Amino acid sequence: MRVVDLAGRPDLLDAALALGDVGGQFIYQGASGRMITGERFLRHWARYFLIALDDDGTPMARALSVPLAYPAPDRTELPDHGWDQAIEWAAQDVMDGRAPNALCALEVVIAPHLRGTGLSAPMLKALKARAAETGLRKLIVSVRPIGKEAEPTVPMPEYAARRRADGLLADRWLRTHERLGARVVKVCPFAVTLSGSLADWHDWTGVKLQEGENVIPGGIAPVHASVAHDTATYVEPNVWMDHPM
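Every value quoted in this text rests on a predicted model; they were computed, and no experiment measured them.

**Q** Could you give an account of the overall build of the protein chain, with specific residues and numbers?
**A** When helices and strands are counted, the protein chain shows eight helices and nine strands. Counting only C-alpha atoms, the protein chain reaches 50 × 40 × 40 Å along its principal axes. Burial statistics for the protein chain: of 245 residues in total, 52% are counted as buried. Partitioning the intrachain contacts of the protein chain with sequence separation of at least 6 by distance along the chain shows that 70% fall at a separation of at least 24. For the protein chain, the computed accessible surface area is about 11200 Å², with 52% contributed by carbon and sulfur atoms. Averaging the positions of the 26 positive and the 30 negative side-chain charges in the protein chain gives two centres separated by 6 Å.

**Q** Lay out the layout of surface pockets in plain terms, naming residues and giving numbers.
**A** As a volume, the largest pocket reaches approximately 720 Å³. Lining the largest pocket we find 35 residues, and of these V22, V108, R144, I146 and W173 sit closest to its centre. Listing elements by their share of the lining of the largest pocket, those giving two or more residues are β4 (102-110), α5 (120-133), β5 (138-143), α7 (172-179) and β9 (231-244). The leading source of residues in the lining of the largest pocket is β4, at six residues.

**Q** If you had to explain the packing of aromatic side chains to someone new, which residues and values would you point to?
**A** Scanning the entire structure with this criterion turns up six aromatic pairs. Both rings, one in F26 and one in W201, keep their centres 5.7 Å apart while their planes meet at 50 degrees; by these two values the pair is tilted. With a gap of 175 residues between them, F26 in the loop between α1 (13-17) and α2 (31-36) and W201 in helix α8 (residues 198-205) connect regions that are remote in the sequence. Each of the two residues, F26 as well as W201, counts as buried.

**Q** Got a sec to walk through the nonpolar core? Specific residues and values, please.
**A** Core analysis: the biggest nonpolar cluster contains 81 residues, and L68, L106, L127, W201, L209 and Y234 have the highest contact counts within it. Looking at this core, the element that brings in the most residues is β4, giving eight residues. Sequence-distant contacts of L209, that is, excluding residues within four places in its chain, are made with L198, W201, N214, I216, V223, A225 and A232.

**Q** Requested: an account of the environment of A165, with residues and values cited.
**A** Position of A165 relative to the elements: it lies in the loop between α6 (156-160) and α7. Residue class for A165 comes out exposed when judged on its relative accessible area of 90%.

**Q** Can you break down the packing of α5 against α7 residue by residue, with the values?
**A** Where α5 contacts α7, the two axes come as close as 10 Å, and the packing angle between them is 45 degrees. It follows that α5 is oblique to α7 by the angle criterion. Crossing angle aside, the handedness with which α5 passes α7 is right-handed. Here S120, A121 and L124 of α5 lie close against α7, whose contacting residues are W173, T176 and H177. The residue inventory of the contact of α5 with α7, partitioned by class, reads three nonpolar, three polar and no charged.

**Q** Would you mind going over helix α4 (residues 82-96) in detail, with residue names and values included?
**A** Between its terminal C-alpha atoms α4 stretches 21 Å, which fits the 21 Å expected from 15 residues at 1.5 Å a residue. All buried positions along α4 are accounted for by G82, W83, D84, Q85, A86, I87, W89, A90 and D93. Following α4 by one or two positions, G97 has its phi on the positive side, about 70 degrees.

About the criteria used
Residues numbered from 1 in each chain as written. Predicted model: local features only at pLDDT ≥ 70, side-chain atom pairs only at ≥ 80, totals over all residues. Heavy atoms only, no water. Helix = DSSP H or I, 4+ residues; strand = E, 2+ residues; numbered from the N terminus. Buried < 20%, exposed > 50% of the residue type's maximum accessible area, 1.4 Å probe, protein only. Contact = heavy atoms within 4.5 Å. Areas by Shrake-Rupley, 256 points an atom, 1.4 Å probe, with all protein chains shown as cover. Lys, Arg positive; Asp, Glu negative; His and termini not counted. Charge placed at Lys NZ, Arg CZ, Asp CG, Glu CD. 1 Å grid on protein atoms, 1.4 Å probe; cavity = no way out; pocket = protein on both sides within 12 Å on 5 of 7 lines; lining within 4 Å. Points joined across faces, edges and corners; volume = space filled by probe spheres on them. Phe/Tyr/Trp six-rings, centres within 6.5 Å; stacked < 30°, edge-to-face > 60°. Core = buried A, V, L, I, M, F, W, Y, C linked by side-chain atoms within 4.5 Å. Axes fitted to C-alpha atoms, helices over the stretch in contact; angles between N-to-C directions. Parallel < 35°, antiparallel > 145°, perpendicular 65-115°, else oblique. Left-handed = near helix turned anticlockwise from the far one by under 90°. Nonpolar A, V, L, I, M, F, W, Y, C, P; charged D, E, K, R; others polar. Expected span 1.5 Å × (residues − 1).

As structure tokens, then:
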């Protein structure tokens with residue numbers, strides 16, 4: 001596996017994005033999701049968009065991250081709004097001219113036919129290496145536990161606290177981070193928030209939502225729908241993890 005970045009290989013953007021998504025495609029329909037899939041956003045932080053290539057030069061995986069200031073005088077704790085807030089922080093730092101000191105991973109996506117083959121750990125290692133190369137002191141991640149899709153109604157604090165008999169975290173994506181030296185900081189209960197009409201959600205998921213809580217493909221939490229108001233809202237919790245350098 002050879003890892004390059006978008007700065008050096010701008011021609012790989014479309015192929016890297018075509019690898020898929022981190023869960024349901026609906027995640028990218030919110031304000032933050034639309035922002036990080038925009039070409040202007042991706043090319044601005046092209047050094048931190050890593051792409052793994054196979055022997056033929058075909059993308060196998062991508063890892064998107066953004067540099068930001070944390071900790072900082074006005075940022076003493078990782079935010080409850082997780083992924084959404086981290087993207088806002090990164091953009092705010094650019095506008096304010098504030099130097100970053102940490103790298104925040106936004107997603108690691110493996111080609112569908114290679115998922116489960118162990119590529120995610122090397123991609124995280126590559127992100128840590130890029131952070132070190134660019135003078136950043138840590139890698140932080142608003143982790144979306146992969147096994148939570150099977151238990152969307154279980155509270156995240158309960159799910160994230162589960163450990164195996166050997167003491168390691170039960171969820172395999174959380175465990176991958178832990179094995180690389182990361183520690184759990186806290187649950188971020190509002191990591192991703194997005195709303196839409198019932199028709200929007202049908203377009204995004206193929207599901208006709210009913211009144212109340214709805215389980216959707218790729219969701220790790222229910223969607224709350226109001227038929228009377230023709231609106232539905234998804235609030236996804238994640239788990240903040242900190243990788244010291």
